[in-house]
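# Breakdown of the fold
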Amino acid sequence: MSEPLLRATHLVKEFPIMGTGGLLRRPETFRAVDDVSFELRSGETLALVGESGSGKSTTARLAARLLDVTSGTVELDGEDVTALGRSELRRFRSEVQVVFQDPFSSLNPRHTVERIVTAPLAYQQRTIPGGARAFTRSLMERVGLDPDHSQKYPAQFSGGQAQRIGIARALAVSPRVVVCDEAVSALDVSVQAQVINLLRDLQREEGLTYLFIAHDLAVVRQIATRVAVMTQGQIVEEGDRDAVFGAPRHEYTRKLLDAVPRIRPEWERERRRNAARTAEATA
């Protein structure tokens, strides 16, 4: 097998509990991530799944260096990135980008799409290929948006369109890893499917690698290559998607799968018979 592109080893993240410290006493801490390790290989999608509060989003933010680790390491291409300085961190940002859950809170409402999409290049102090206008229009086309809307503001778009702007912004610096932190959970079901299809197309065309955070197992089943199940800050099961869904080993995984709504065939047949009877009675 190929060497991992991104590797997390024994990650721990603790947050201080407000009001528990004093002048001579350190505050108590809450351990949100507890000894988490995983590997992400080029071109695959690893989904971190679990209930709210399981630690999956905190783990994603540690991997993307949006949060500093309490202990443990994150490596990109074998390089430890947990203690990078400012200039080295800028280089890391061009390799790893994030698509956030709520597109409207993650996009500056006072900036046009053009300014939003080109902001990562400005941060990287890189020249914008072909100029800002042409570059933005090209990215908008890639994510399924009308390029003539590059001068509009986020509030002028629907939720699904705004999330596509967030994806375009992530693509601007040609990253190798994209962390999708509940990237479709705030969208309607039909829009979720469209965005998932877009992410899959971009992965195939650009060779992207995804760390995909979700609590919706139906969404995970559509996009994941491998699945890691988290609860109480720990990974309790990890494996290929079909193996985890088809023969879960951990009790918590089985509970998650049992909680997914299912339409039983006999219920659907009865619904159709009742609908036919109603149609005959009113004919």
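Residues numbered from 1 in each chain as written. Predicted model: local features only at pLDDT ≥ 70, side-chain atom pairs only at ≥ 80, totals over all residues. Heavy atoms only, no water.

The final tally for this structure, using the stated rule, is 21 salt bridges. A salt bridge links Glu39 to Arg7, with the shortest nitrogen-to-oxygen separation between them at 3.2 Å. With a gap of 32 residues between them, Glu39 in strand β2 (residues 29–40) and Arg7 in strand β1 (residues 6–16) connect regions that are remote in the sequence. Look at Glu39 and you get partly exposed, because its relative accessible area is 28%. Classification of Arg7 as partly exposed rests on a relative accessible area of 23%. Across the salt bridge formed by Asp77 and Arg176, the nearest N and O atoms sit 2.7 Å from each other. Of this pair, Asp77 sits in the loop between β4 (71–76) and β5 (79–80) while Arg176 sits in the loop between α6 (159–171) and β7 (177–181), and the two are 99 residues apart along the sequence. On the basis of relative accessible area, Asp77 is assigned to the partly exposed category, the value being 48%. Judged by relative accessible area, Arg176 falls into the partly exposed class, the value being 32%. (Salt bridge = Lys/Arg side-chain N within 4 Å of Asp/Glu carboxyl O. Helix = DSSP H or I, 4+ residues; strand = E, 2+ residues; numbered from the N terminus. Buried < 20%, exposed > 50% of the residue type's maximum accessible area, 1.4 Å probe, protein only.)

Next up on the list: the nonpolar core. Among the nonpolar cores identified, the biggest contains 48 residues, and Ile167, Leu199, Tyr210, Phe212, Val220 and Val227 are the most heavily contacted of them. Per-element tally for this core: the top contributor is α6, with six residues. The next biggest cluster of nonpolar side chains, apart from the first, holds 28 residues, and it includes Leu11, Leu62, Leu84 and Val98. (Core = buried A, V, L, I, M, F, W, Y, C linked by side-chain atoms within 4.5 Å.)

All right, on to the pairing of strand β6 (residues 96–99) then. The two faces of β6 match: Val96 and Val98 on one face and Gln97 and Val99 on the other face are all buried. Pairing between β6 and β7: four bridges, direction parallel. Looking across to β7, one finds that Val98 is bridged to Val179. (Pairing = 2+ DSSP bridges.)

Right, let's talk about the pairing of strand β10 (residues 234–240) for a bit. Remark: a regular strand shows side chains that alternate across the two faces of the sheet. In terms of strand pairing, strand β9 (residues 226–231) meets β10 through six bridges, oriented antiparallel. Along β10, the bridge assignment pairs Thr231 with Gln234. Linkage of β9 to β10, two consecutive antiparallel strands, is achieved through a turn of two residues, within which Gln232 is found at a positive phi near 50°.

Here we take up the packing of aromatic side chains. If you walk through the whole model with that rule in mind, you get zero aromatic pairs. The positively charged end of Lys13 is found above the aromatic ring belonging to Phe15, 5.2 Å away from the centroid. Across from the ring centre of Tyr123, 5.4 Å away, lies the NZ or CZ of Arg90, which sits over that ring. (Phe/Tyr/Trp six-rings, centres within 6.5 Å; stacked < 30°, edge-to-face > 60°. Lys NZ or Arg CZ within 6 Å of the ring centre and 35° of its normal.)

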